[in-house]
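# Architecture and fold: a report
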Amino acid sequence: MVLARTAFAVLAALCLTACGNGSDENSAATTEVDVATTAPGVTFTPKGDTASAGKPSGPITVAYRLIGKPVVGQPIAVDLRVTSTLEGKPVTLNYRINDTTALMLAESQPRSVTMAAGAADDGGRAQQVTVIPMREGRLYLNVSASLDTENGSMSTVTAIPIQVGDAPRTLQQNGELSTDEEGNPVRVLPAKEN
């Protein structure tokens, strides 16, 4: 089982290198552009990690950037940079969309990919996912990154926001703004009828 996983990870790394996703040419071009990094959503800390004693973080970090401007009905590529403090371990990326009427994966896009994550020092490993916005608004692509360790599986989930269209996001107001007896602002919600 472990041998099969290792062989698959090596094969995936070779495929990424052959496709140019892991080449130095792409890495140099991508590092010049600002990449938005999401905060890790996992509280696992690798054994022996002597990082800051503050907020715990997971062993996997997913950074992302959109390539181009999202347009309804047109594919848009999302560059991902995956880094791990546990170098050499294969990382599995799963792509999920909660509302398939708003956003969908491109037909040729696999829903899951296994790759070797890079260290933060070398900029991580590149992966690209293509999605198609189906309507305007704020849409989300969820990327789950997981790896297996001696202590079990560790994972993190990143929600990548994709703003389609120029309209600013507006919050829907519920109820009416009022004040209580002490003058503090409160929101009065209508009672629901059964």
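Right, let's get into the environment of Gly124. With respect to the secondary-structure elements, Gly124 resides in the loop between strand S6 (112-116) and strand S7 (125-133). Distance from Gly124 to Thr61, taken between C-alpha atoms, is 9.0 Å for residues 63 residues apart in sequence. Residues within four places of Gly124 in sequence aside, it is in contact with Arg81, Val82, Thr83, Gly118 and Ala119.

Turning our attention to the nonpolar core. Leu80, Leu93, Tyr95 and Leu141 are the most contacted members of the largest nonpolar core, which totals 27 residues. Among the secondary structure elements, those contributing two or more residues to this core are strand S2 (60-67), strand S3 (76-84), strand S4 (90-96), strand S5 (103-105), S6, S7, strand S8 (137-149) and strand S9 (152-164). Looking at this core element by element, the count peaks at five residues for S8. Setting aside residues up to four positions removed in sequence, Leu80 forms contacts with Val62, Ala63, Tyr64, Leu93, Tyr95, Arg125, Ala126, Gln127, Val129, Val143 and Ile160.

Let us now look at the sheet that holds S6. Pairing within the open sheet is antiparallel, and its four strands lie in the order S6-S4-S8-S9. Bordering the open sheet on either side are S6 and S9, each of which pairs with just one other strand. The average undirected angle you get between the axes of adjacent strands in this sheet is 25°. Across five bridges, the pairing between S4 and S8 is antiparallel. Note that in S8 the partner of Leu93 across the bridge is Ala145.

Glancing now at the confidence of the model for the protein chain. Overall, the prediction assigns the protein chain a mean pLDDT of 74, with 66% of residues at 70 or greater. When mean pLDDT is compared element by element in the protein chain, S5 scores highest at 94, while helix H2 (residues 24-31) scores lowest at 37. Considering only residues more than four positions removed or in separate chains, one finds that residues 13-52, a stretch of pLDDT under 50, has 51 contacts.

This brings us to the pattern of salt bridges. Evaluated as defined, the whole model comprises three salt bridges. Asp79 is the salt-bridge partner of Arg65, the closest N and O atoms lying 3.2 Å from each other. With a gap of 14 residues between them, Arg65 in strand S2 and Asp79 in strand S3 connect regions that are remote in the sequence. There is no split in this pair, since Arg65 and Asp79 are both buried. Measuring nitrogen to oxygen at the nearest pair gives 3.8 Å for the salt bridge that ties Asp99 to Arg135.

Another aspect to go through is the side chain of Ser146. Its place among the elements puts Ser146 in strand S8. According to the relative accessible area criterion, Ser146 is buried, its value standing at 17%. When neighbours within four sequence positions are excluded, Ser146 is seen to be in contact with Ile60, Pro90, Val91, Thr92, Ser153, Met154 and Ser155.

All right, on to the pairing of S3 then. A large share of S3 lies buried, amounting to nine of its nine residues. Neither face of S3 is open: one carries Ile76, Val78, Leu80, Val82 and Ser84, the other Ala77, Asp79, Arg81 and Thr83, and all of them are buried. Two strands pair when backbone bridges link them, and S2 and S3 are joined in this way by eight bridges, in the antiparallel orientation. The residue of S3 that forms the bridge with Thr61 is Thr83. The pairing of S3 with S7 spans seven bridges and is antiparallel. Following the sheet pairing, Asp79 is matched in S7 by Gln128.

What counts, and at which threshold
Just so you know, the residues in each chain are numbered from 1, in the order the chain's sequence is written. Whole-chain, interface and lining totals are the exception, using all residues; otherwise, since this is a predicted model, local features are given only for residues with pLDDT of at least 70 and side-chain atom pairs are given and counted only at 80 or more. Water and hydrogen atoms play no part in the side-chain values, which are based on all heavy atoms of the structure. Only DSSP runs of H or I reaching four residues or more are called helices, and only runs of E reaching two or more are called strands; each is numbered from the N terminus. The contact definition used throughout considers only heavy atoms, calling two residues in contact when any of these lie within 4.5 Å. Among buried residues, the Ala, Val, Leu, Ile, Met, Phe, Trp, Tyr and Cys ones that are joined through side-chain atoms within 4.5 Å form a nonpolar core. Think of it in three bands: residues with accessible area under 20% of the maximum for their type are buried, residues over 50% are exposed, and the middle band is partly exposed, with areas taken using a 1.4 Å probe on protein chains only. In this description, strands pair whenever DSSP reports at least two bridges between them. Fitted lines through C-alpha atoms serve as axes, helices being fitted only where they are in contact, and the angles separating the N-to-C directions of these axes extend from 0 to 180 degrees. Confidence of the predictor in every single residue is expressed as pLDDT, which spans 0 to 100. What counts as a salt bridge is simple: a side-chain nitrogen of Lys or Arg found within 4 Å of a carboxyl oxygen of Asp or Glu.

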